[in-house]
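In case you want the letters, here they are:
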Amino acid sequence: MKLLLSLIGISMSCMTLPLHGSERVIQQVNAQSKSSTHYPHQREAIGTVREMYDGSLSTATAVSTFRNIHRLFPSATIPKSNKPFPLKAAAKPLSSFVFTDRGRQVSLDQYLELNQIAGLLILKDRQIYLERYRFGNTEKTRWMSMSIAKSITSTLIGAALKQGKIKSLQDPVVKYVPELKTSAYANVSIRDVLTMSSGVRWNETYTDLRSDRRRLLEAQIAQKPGAALAVLQQLPRQAEPGTLFNYNTGETQVAAQVLRNAVGMPLSQYLGERIWSRFGMEAEASWWLDSPNGVEIGGSGMSATLRDYGRFGLFMLAGGLADNEMILPTAWTYEATTPKALKNGELIPYAYLWWPVVTRDGLRDGAYSAIGIHGQYLYINPKQNMVIVVWGAQTRPVGGAQINDQAFFSAVSLAQFN
């Protein structure tokens, strides 16, 4: 358990994105394409992805940027559902709350302020117990997911398995992405990629301009077809597949390419058809592309409303049931979110692009999270039938939280609501 806790602490220094030269033009093009949608924040001045990555944005600019990320890169639109899933307010909503973090008593308002929370939603038994917007956000605001998108990509792979478009997680990735046959991914399975244990060498340090993460970022900035895949083709091998856990955003682009080729359509379209429309998401969402009309960024770049992130959590709690159809394989939501073992039996604090909550309470409840830098969380607790969504407006990619979010989630899950 100590090993799991230490690993997850180290791994939380990872997760996603930025821009330069051509980014201003991209912002303008996307702003014009969205001008007819009457998005409430569309005229705000925004920063760049490079500034996000460097942690150099002011709080005000960070907020306007985080709710306008569709202007940073070309993005695909995920249409809203014609039958929104109803979310009703609880008879006795949660108006105030006090919890303990490392021996310190923290109020709900202190948590919101100290962790620069821009939006918070607490759902229990499919009812809204708390919905709070800050910094000018509203129910119509779309907020960035960062690495929460990784967990959505994983879920779509589950949907493809259910339909037989992907035969098995043991399939080699090159079965679906033959361009990787001469790379270090040649003998890597889809499961290896989902557990970030491909054995392909990777440096996730985004503050290091020489890191692999920054090289992948440069490929995204270039917006040239095949540029991201070219980065992955050049990576060397560090260990045998399935023997070493190493948080690697590059794996999620491999997963995205596998999925794109397996289902024969864009990830955004597949998400819209299999989950977004069927479960009743009430608003449009957007997802970054690696190039114009290209492949979605499997590890980041999705943007949606607070309630629709909450609905995605409810979809997971329902085991993948949407519109009276099982979208995911039987027990997938358990399989994809519980700690996995390497080939040598070593347990890792990671599942299929989801973070299991490896505290005593978390393991008892089968809780898990999708987590993104700058303070983004989708926390799901099956035993308590609870979903918590947090939008962070932290200016630093990591290290900006003064309060332990998991301590907050754990306390809320144990609270008496009625």
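In this text the structure is predicted, and so the values were computed from the model without any measurement.

Visitor: Account for the sheet that holds strand E8 (residues 285–288), naming residues and giving values.
Guide: Strand order in the open sheet formed by four strands is E1-E8-E9-E7, and the pairing between neighbours is antiparallel. On the outer flanks of this sheet lie strand E1 (75–78) and strand E7 (143–144), each paired with one strand and no other. Looking at chain direction, E1 and E8 are connected through four bridges and run antiparallel. Bridge pairing links Thr77 to Ser286 in E8.

Visitor: So what's going on with the sheet that holds strand E17 (residues 386–392)? Residues and values would help.
Guide: Pairing in this open sheet of seven strands is mixed, and the strands run E2-E6-E5-E17-E16-E15-E14 from one edge to the other. Each end of this open sheet is capped by a strand with a single partner; those strands are strand E2 (88–89) and strand E14 (355–356). Two strands pair when backbone bridges link them, and strand E5 (residues 117–124) and strand E6 (residues 127–133) are joined in this way by six bridges, in the antiparallel orientation. Pairing of Lys124 across the sheet is with Gln127, part of E6. Along the sheet, helix H6 (residues 148–163) contacts strand E15 (368–372) and strand E16 (376–381); its crossing angle with E15, the most-contacted strand, is approximately 125°. Where helix H12 (residues 306–317) meets the sheet, its contacts fall on E5, E6, E15, E16 and E17, and the angle it forms with E17 comes to roughly 145°.

Visitor: Any chance you could break down the confidence of the model for the chain for me, citing the residues and the numbers?
Guide: Of all residues in the chain, 91% attain a pLDDT of 70 or more, and the chain-wide mean is 91. For the stretch residues 1–36, pLDDT sits under 50, and the model shows 93 contacts to residues farther than four places along the chain or on other chains.

Visitor: Can you break down the nonpolar core residue by residue, with the values?
Guide: Nonpolar side chains in soluble globular proteins tend to be buried together. In terms of nonpolar packing, the biggest core is built from 136 residues, with Leu120, Ile122, Tyr185, Trp354, Ile388 and Phe408 touching the most fellow members. If sequence neighbours within four positions are ignored, Ile122 has contacts with Leu94, Gln127, Ile128, Tyr129, Leu130, Val387, Ile388, Phe408, Val412 and Phe417.

Visitor: Residue-level account of helix H8 (residues 212–222), with values.
Guide: Within H8, eight of the 11 residues are buried, which leaves the element mostly enclosed by the surrounding structure. Here H8 has its buried residues at Asp212, Arg213, Arg214, Leu216, Leu217, Ala219, Gln220 and Ile221. Residues of H8 that are buried sit in contact with helix H3 (49–54), helix H9 (227–233), helix H10 (249–263) and E8. In the segment just after H8, Gln223 is the residue with positive phi, at about 55°.

Visitor: Now, about the packing of H6 against helix H11 (residues 267–279): what can you tell me, with residues and values included?
Guide: Contact geometry of H6 with H11 gives a least axis separation of 11 Å together with a crossing angle of 65°. One finds that H6 runs roughly perpendicular with respect to H11. Both H6 and H11 take part in a crossing whose hand is left-handed. Only Leu267, Tyr270, Leu271, Arg274 and Ile275 of H11 make contact with H6, whose side of the interface consists of Ile152, Thr153, Thr155, Leu156, Ala159, Ala160 and Gln163. Residues that form the contact of H6 with H11 fall into these classes: eight nonpolar, three polar and one charged.

What counts and what doesn't
- Residues numbered from 1 in each chain as written.
- Predicted model: local features only at pLDDT ≥ 70, side-chain atom pairs only at ≥ 80, totals over all residues.
- Heavy atoms only, no water.
- Pairing = 2+ DSSP bridges.
- Helix = DSSP H or I, 4+ residues; strand = E, 2+ residues; numbered from the N terminus.
- Contact = heavy atoms within 4.5 Å.
- Axes fitted to C-alpha atoms, helices over the stretch in contact; angles between N-to-C directions.
- pLDDT = per-residue confidence, 0-100.
- Core = buried A, V, L, I, M, F, W, Y, C linked by side-chain atoms within 4.5 Å.
- Buried < 20%, exposed > 50% of the residue type's maximum accessible area, 1.4 Å probe, protein only.
- Parallel < 35°, antiparallel > 145°, perpendicular 65-115°, else oblique.
- Left-handed = near helix turned anticlockwise from the far one by under 90°.
- Nonpolar A, V, L, I, M, F, W, Y, C, P; charged D, E, K, R; others polar.

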